[in-house]
Each structure stands twice: as structure tokens, then as C-alpha cells.
There are 2 protein chains.
Amino acid sequence: MKVRILVSLKPSVLDPQGQTVRNALHTLGYKSVKDVRQGKVFEVELEDVDRSEAEKIIPEIADKVLANPIIEKFTWEIIES
Amino acid sequence: MKVRILVSLKPSVLDPQGQTVRNALHTLGYKSVKDVRQGKVFEVELEDVDRSEAEKIIPEIADKVLANPIIEKFTWEIIES
């Protein structure tokens with residue numbers, strides 16, 4: 001089973017990386033870009049795990065290892081059964 | 001309009017960050033994790049742009065600024081019209 005986990009900064013947290021990308025795009029002429037937020041994506045392959053186990057494991061993994069719950073939030077989805 | 005762009009390493013490129021995460025998860029007892037690949041996600045807010053313009057701008061932006069086309073690939077989707 002393949003799972004995609006998206007980790008992004010909470011809306012209240014400043015994102016200097018995203019701001020730098022936005023400024024670079026403006027300099028290149030892409031003025032329609034109003035805002036950029038940067039985050040991380042993890043594609044995790046699980047072996048011998050069914051859907052209900054994945055629903056237990058993935059939030060644990062995301063909370064303990066992949067995201068910093070103080071400043072980040074995560075969403076996840078199964079992309080391959 | 002809000003667009004999500006996922007940038008990940010091409011399958012042929014080694015991912016030491018992903019390997020480190022996988023090893024950390026194994027150490028914590030998550031043995032069912034077979035593989036982890038790490039990438040970047042960008043949420044881009046576009047102003048006064050319709051769908052066809054977005055379809056022109058986004059691949060340009062991804063190719064020029066967000067991804068390194070030699071080692072990375074990208075996918076994108078509109079998440080808010």
C-alpha cells in the first residue's frame with residue numbers, strides 16, 4: 001500500500017521559504033502569484049498492512065516523526081492499495 | 001485560484017532523506033514501512049487567472065523555479081477555483 005502524507009506549516013506560522021519563492025516568481029514576471037506556501041510530502045510504502053491498520057499507523061508516524069505538531073499540520077491519503 | 005504542486009525526486013535518483021526517515025521509523029518499531037520518499041509541496045495562490053492561463057503558468061513555474069528537472073519531477077492540481 002502506498003500512502004501520501006502532506007506536511008505543511010499551520011496558517012498562523014510565517015513561511016519565509018514560501019515568501020522567497022513568491023518574490024523570485026515576481027522578479028521573473030509572474031505577478032499573478034499572490035502567495036506561496038512550502039511544505040513537505042512523504043510517499044510511504046507499507047507492506048502487509050490493511051486499510052484499518054494504515055489508518056492507525058499513518059497518523060502516529062506523521063505526528064511522531066514527519067511533522068512537528070507545534071507548527072505543522074498534516075493530511076494523508078492512500079494513493080495505491 | 002489555489003494550486004498544489006508536488007515535486008519529488010525521479011525514481012532513479014537516490015533519496016537519502018527518505019532512507020533516514022525509513023530507518024528512524026524502523027527503529028521506532030514501524031517495520032511495515034518498506035520505503036519512504038521525501039519531496040516538496042507548494043501551495044500557490046493565483047490572482048485573476050483562469051484555468052487555461054493556470055495550465056500555461058504552473059508548468060513553467062514548476063520547471064523554472066520549483067523543481068530541478070534533471071533530478072526531479074512534478075505533478076500539479078487545482079485545489080480551489
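Treat the numbers as computed from the prediction; the structure is a model and nothing was measured.

## A closer look at helix α1 (residues 16-27) of chain B
All names here are of chain B. With 12 residues, α1 extends 16 Å between its outermost C-alpha atoms, agreeing within 8% with the 16 Å of an ideal straight helix rising 1.5 Å per residue. Turning to α1, its buried residues are Gly18, Val21 and Leu25. Across the axial projection of α1, the buried residues extend over an arc of 60°, all falling on one side. With respect to the buried face of α1, the exposed residues turned more than 90 degrees away are Pro16, Thr20 and Thr27. Gly29, located one to two residues past α1, shows a positive phi value of around 100°.

## Points about the interface of chain B and chain A
Listed as interface residues are 30 residues of chain B and, on the opposing side, 30 residues of chain A. It is Tyr30(B), Ser32(B) and Glu45(B) that lose the most area in chain B upon contact with chain A, and together they represent 20% of the buried surface on that side. Taken together, the connections running from chain B to chain A amount to two salt bridges. Here Glu45(B) ties to Lys34(A) by a salt bridge, and the two come within 3.8 Å at their closest N and O atoms. Our enumeration of links across chain B and chain A arrives at 14 residue pairs in polar contact (both at pLDDT 80 or more). Mapped by element, the contributors of at least two residues to the side of chain B that touches chain A are β1 (2-9), α1, β2 (33-46) and α2 (51-66) of chain B. Of the residues forming the side of chain B that touches chain A, the biggest block, 14 residues, is contributed by β2(B). Classifying every residue of the side of chain B that touches chain A by side-chain character gives 17 nonpolar, three polar and 10 charged.

Cut-offs and rules
Residues numbered from 1 in each chain as written. Chains lettered and ligands numbered in written order. Predicted model: local features only at pLDDT ≥ 70, side-chain atom pairs only at ≥ 80, totals over all residues. Heavy atoms only, no water. Helix = DSSP H or I, 4+ residues; strand = E, 2+ residues; numbered from the N terminus. Expected span 1.5 Å × (residues − 1). Buried < 20%, exposed > 50% of the residue type's maximum accessible area, 1.4 Å probe, protein only. Arc of directions from axis to C-beta. Contact = heavy atoms within 4.5 Å. Buried area = accessible area lost by both parts, 1.4 Å probe. Salt bridge = Lys/Arg side-chain N within 4 Å of Asp/Glu carboxyl O. Polar contact = N/O pair within 3.5 Å; in protein donor to acceptor, adjacent residues only side chain to side chain. Nonpolar A, V, L, I, M, F, W, Y, C, P; charged D, E, K, R; others polar.

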